[in-house]
Amino acid sequence: MDPTRNGPVRNGSTRDRPAPDGSAPDRSAGEVRVRHSDRPRLARHVRLSYSGTRQRHILLLPETVVVLNDSGAGILALCDGRRTVAEIAAELGTRYRRVPDDPVLDGEVRRFLARLVTRRCVELLDGSELPDGREHVDG
Amino acid sequence: MDSPFGLLAELTYRCPLACAYCSNPLNMEDYTDELGTDEWRRVLVEARDLGVLQCHLSGGEPLLRRDLEEIVAGAHEAGMYTNLVTSALGLSRRRADRLRAAGLDHVQVSIQADEPAVSDTIAGTPSFHRKIEAMGVVKELGWPLTLNVVLHRQNIDHVADLLALAEEVGADRVELANTQYYGWALRNRAALLPSRAQLAAAETVVRAARERLRDRMDVVYVIPDYYSRYPKPCMGGWASRQLTVTPNGDVLPCPAAQSLPLPRAGVREHPLSWIWAESPVMTAFRGTDWMPDPCRSCERRELDFGGCRCQAFQLTGDAARTDPVCHLSPDHAVVDQVVRAANEEARPADALLVPRPHRAGRP
Ligand SMILES: C[S@@+](CC[C@H](N)C(=O)[O-])C[C@H]1O[C@@H](n2cnc3c(N)ncnc32)[C@H](O)[C@@H]1O
Ligand code: SF4
Ligand code: SF4
């Protein structure tokens, strides 16, 4: 642990961020493709938590804190390694009263997860893979 | 003013090792009156109330505290992510089991080199094999493992072997951190600062490894600020996101800040919330109002916050100057000179190091 670098804080918003020059949205996480059949779960070293002081959900990593917005927290709460991405999007669609198979919501969920996979916060189990018995969230 | 995210709890400065690159303070005798278990547990609750989410347990060697389990449990009960930063000496299977039960989330083990002889020489104690064993225990108990290596002139040429070792022990993260020149490292700077050629070679290796290991291991590489055009964004800004509590209860924005001529503020005398919000040591350089030129009018002032206050103080005698590492600093020549010396042909690769003593008053 470097004494001057302790603990970067990241913004884990579900909104697509503009590129540094303010033009198109950031698609840097686009390398990871999240499929509808993938079953996402939190990586083993990551914990989903709530900060009363900030009234925000938070992802805790060994040296990083990711501050989530409400929709991000809603997505991650469903990432249990059993539900597929399609099921998560459908469940959120009902919750937010969107039309069935809303492409905007679907894209938002998949891009958000892709960003977290790139940062190794979320793991994708293949659609055909059965989730093992390991608990997905410690506490 | 934001609330802090992380607490660095420096439980003791005692240590069974004697690394010459250690960033711990030189004046260790000022920190021998260590906080007790109940005091730490109270500090952790106060920190939680302030908004702290992560607790890094460090030192010195935190395992030398017999009450480490109770302190970990306090942080865990306060809902924090708990991270043990250790040399791994003293991490027996039994101790590890107890720490696991107390709620410890993550373990970072530091190693001095990839081969036993060099590692033990830098550590000043036979320790390499015990570290490897302890890493096995960490993995066995299912903890995520970070391997920490401080890079310098005497081990940076081995960065490929260090990465191979990280793979071998099954690390989830490896942090290759170029030495930051504070404490004992500053005293040993001439023997520790690598040459430009050494750095270039290491960076090529790291870049390739990062690509190759992308799905398996996080490879963190901390660049050496003496070789950068701009300074590091030290601590993400003075007293902005992190706080440090030293073994005797002093509260600081970062561990190195103990060297600055600022009035001390301790948890034995004051509530943590007051210290964070109002004590002079926290407010001295918070934000951008304190900045002199060239920082004051620079468009990077919210990106690097003018660099490190401790480094400015160490190198210029004035903590409120631009970090001399910045090429725009009027004091940049002092850094230039040190870098030039490190690149002289005649400079030996293995100059003698001054070991850090194990404890105050008994070198
Ligand atoms: C001061 S040590 C205390 C914990 C434990 N004794 C150890 O060495 O792992 C905390 C962390 O800082 C790192 N460290 C020590 N001196 C440093 C320096 N001058 N620059 C960068 N990192 C340093 C260590 O490798 C360790 O990961
Ligand atoms: S001497 Fe080495 S092991 Fe001990 S505290 Fe310093 S860096 Fe850690
Ligand atoms: S002048 Fe100051 S703000 Fe600008 S880059 Fe240098 S240190 Fe950073």
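Residues numbered from 1 in each chain as written. Chains lettered and ligands numbered in written order. Predicted model: local features only at pLDDT ≥ 70, side-chain atom pairs only at ≥ 80, totals over all residues. Heavy atoms only, no water.

Bringing the overall build of chain A into the picture now. Counting secondary structure elements, chain A contains 3 helices and 6 strands. Buried residues in chain A amount to 49% of all 139 residues. Partitioning the intrachain contacts of chain A with sequence separation of at least 6 by distance along the chain shows that 67% fall at a separation of at least 24. Element-wise, carbon and sulfur atoms account for 50% of the exposed surface of chain A, whose accessible area totals about 7000 Å². (Helix = DSSP H or I, 4+ residues; strand = E, 2+ residues; numbered from the N terminus. Buried < 20%, exposed > 50% of the residue type's maximum accessible area, 1.4 Å probe, protein only. Contact = heavy atoms within 4.5 Å. Areas by Shrake-Rupley, 256 points an atom, 1.4 Å probe, with all protein chains shown as cover.)

So, on to the sheet that holds strand S4 (residues 56-60) of chain A. Residues and elements named next belong to chain A. Read across the sheet, 4 strands follow the order S1-S5-S4-S3 without closing on themselves; strand pairing throughout is mixed. The two strands at the open ends of the sheet, each matched to only one other strand, are strand S1 (9-12) and strand S3 (47-51). Averaged over all pairs of adjacent strands, the angle between strand axes in this sheet comes to 30°, irrespective of strand direction. Where S4 meets strand S5 (residues 65-68), 3 bridges bridge the pair, whose relative direction is antiparallel. Following the sheet pairing, Leu60 is matched in S5 by Val65. (Pairing = 2+ DSSP bridges. Axes fitted to C-alpha atoms, helices over the stretch in contact; angles between N-to-C directions.)

In the vicinity of ligand 2, the contacting residues are Cys15, Leu17, Cys19, Tyr21, Cys22, Asn24, Gly60, Ser87 and Arg356 of chain B. Taken together, the residues that form the shell around ligand 2 break down as 5 nonpolar, 3 polar and 1 charged. (Near = heavy atom within 4 Å. Nonpolar A, V, L, I, M, F, W, Y, C, P; charged D, E, K, R; others polar.)

This part takes up the site of ligand 3. As a structural note, the neighbourhood of ligand 3 is formed by Tyr230, Pro231, Pro294, Cys295, Cys298, Arg300, Arg301, Asp304, Gly306, Thr322, Cys326 and Leu328 of chain B. The class makeup of the residues in the shell around ligand 3 is 7 nonpolar, 2 polar and 3 charged.

Time to look at the pattern of salt bridges. Residue and element names in this part refer to chain B. For the structure on display, the rule yields 29 salt bridges over all chains. Note that Asp97 and Arg93 form a salt bridge whose closest N and O atoms lie 3.4 Å from each other. Of this pair, Asp97 and Arg93 both sit in helix H3 (residues 93-102), 4 residues apart, which is roughly one turn of that helix. Overall, Arg93 belongs to the partly exposed group, its relative accessible area being 38%. Note that Lys139 is salt-bridged to Asp172, the shortest N-O span being 3.7 Å. (Salt bridge = Lys/Arg side-chain N within 4 Å of Asp/Glu carboxyl O.)

Another point: the interface of chain B and chain A. A common measure of how large an interface is: the accessible area buried when the components associate. At the junction of the two partners, chain B supplies 45 residues and chain A supplies 25 residues. Taking both sides of the interface into account, the surface hidden between chain B and chain A amounts to around 2800 Å²; carbon and sulfur atoms contribute 49%. Taken as a group, Phe5, Leu53 and Tyr81 of chain B account for 21% of the area that chain B buries against chain A, more than any other trio of residues on that side. At the boundary of chain B and chain A, one finds 3 salt bridges. Where Asp172 of chain B meets Arg44 of chain A, a salt bridge forms, and the shortest distance between an N and an O atom there is 3.4 Å. If you look at where chain B meets chain A, you find 23 residue pairs in polar contact (both at pLDDT 80 or more). At 4 residues, the largest contribution of residues to the side of chain B that touches chain A is made by strand S6 (residues 173-178) of chain B. Grouping the amino acids of the side of chain B that touches chain A by side-chain chemistry returns 18 nonpolar, 14 polar and 13 charged. (Buried area = accessible area lost by both parts, 1.4 Å probe. Polar contact = N/O pair within 3.5 Å; in protein donor to acceptor, adjacent residues only side chain to side chain.)

So, about unusual backbone geometry. For the bond from Gly59 of chain B to Gly60 of chain B, the omega torsion is 25°, close enough to zero to count as cis. In this fold, Gly60 of chain B is placed in the loop between strand S2 (54-58) and helix H2 (68-77). A cis amide bond links Asp293 of chain B with the next residue in sequence, Pro294 of chain B, at an omega value of 5°. In this fold, Pro294 of chain B is placed in the loop between helix H11 (280-283) and helix H12 (301-304). Positive phi, normally seen in glycine, also occurs at Arg120 of chain A, with a value near 60°. Of note, Arg120 of chain A is situated in the loop between helix H3 (103-118) and strand S6 (122-125). The exposure class assigned to Arg120 of chain A is buried, which follows from its relative accessible area of 15%. At Ala88 of chain B, a position not held by glycine, the phi torsion is positive, near 75°. Relative to the assigned elements, Ala88 of chain B resides in the loop between strand S3 (81-86) and H3.

Residues and elements named next belong to chain B. One can find Leu141 in the loop between helix H5 (128-140) and strand S5 (145-151). Along the primary structure Leu141 and Leu315 are separated by 174 residues, whereas in three dimensions their C-alpha atoms are 45 Å apart. When neighbours within four sequence positions are excluded, Leu141 is seen to be in contact with Arg93, Ala96, Asp97 and Arg100.

All names here are of chain B. For the structure shown, the criterion picks out 4 aromatic pairs over all chains. Ring centres of Tyr13 and Tyr31 lie 5.1 Å apart, and the angle between their planes is 80°; on these two criteria the pair is classed as edge-to-face. Placement of Tyr13 in the loop between strand S1 (6-10) and helix H1 (37-50) and of Tyr31 in the loop between S1 and H1 is noted, with a sequence separation of 18 residues between them. Taking the centre distance of 5.2 Å and the plane angle of 90° together, the rings of Trp238 and Phe285 count as edge-to-face. Taken together, the residues Trp238 in the loop between strand S7 (218-222) and strand S8 (242-245) and Phe285 in the loop between H11 and H12 connect sequence positions 47 residues apart. (Phe/Tyr/Trp six-rings, centres within 6.5 Å; stacked < 30°, edge-to-face > 60°.)

Okay, the environment of Ala257 of chain B next. All names here are of chain B. Tracing the chain through its elements places Ala257 in the loop between strand S9 (251-252) and helix H10 (272-278). Along the backbone, Ala257 and Arg216 are 41 residues apart, and their C-alpha atoms lie at a distance of 36 Å. Once residues within four sequence positions are removed from consideration, Ala257 is found in contact with Trp238, Leu252 and Cys310.

Attention now moves to the environment of Arg94 of chain B. All names here are of chain B. Mapping Arg94 onto the fold places it in helix H3. Owing to a relative accessible area of 60%, Arg94 belongs among the exposed residues under this scheme. Each C-alpha atom, one on Arg94 and one on Val137, is 9.8 Å from the other, the two residues being 43 residues apart in sequence.

A few words on the packing of H2 of chain B against H3 of chain B. To characterise two packed helices, one gives the angle between the axes of the helices and the distance between these axes. Residues and elements named next belong to chain B. Orientation of H2 relative to H3, taken along the N-to-C sense of each, is 20°, at an axis distance of 8 Å. By the angle between their axes, H2 is roughly parallel relative to H3. By crossing handedness, the relation of H2 to H3 is classed as right-handed. Together, Leu68, Glu69, Val72, Ala73 and His76 of H2 and Arg95, Arg98, Leu99 and Ala102 of H3 make up the contact between the two elements. A per-class count over the contact of H2 with H3 returns 5 nonpolar, 1 polar and 3 charged. (Parallel < 35°, antiparallel > 145°, perpendicular 65-115°, else oblique. Left-handed = near helix turned anticlockwise from the far one by under 90°.)

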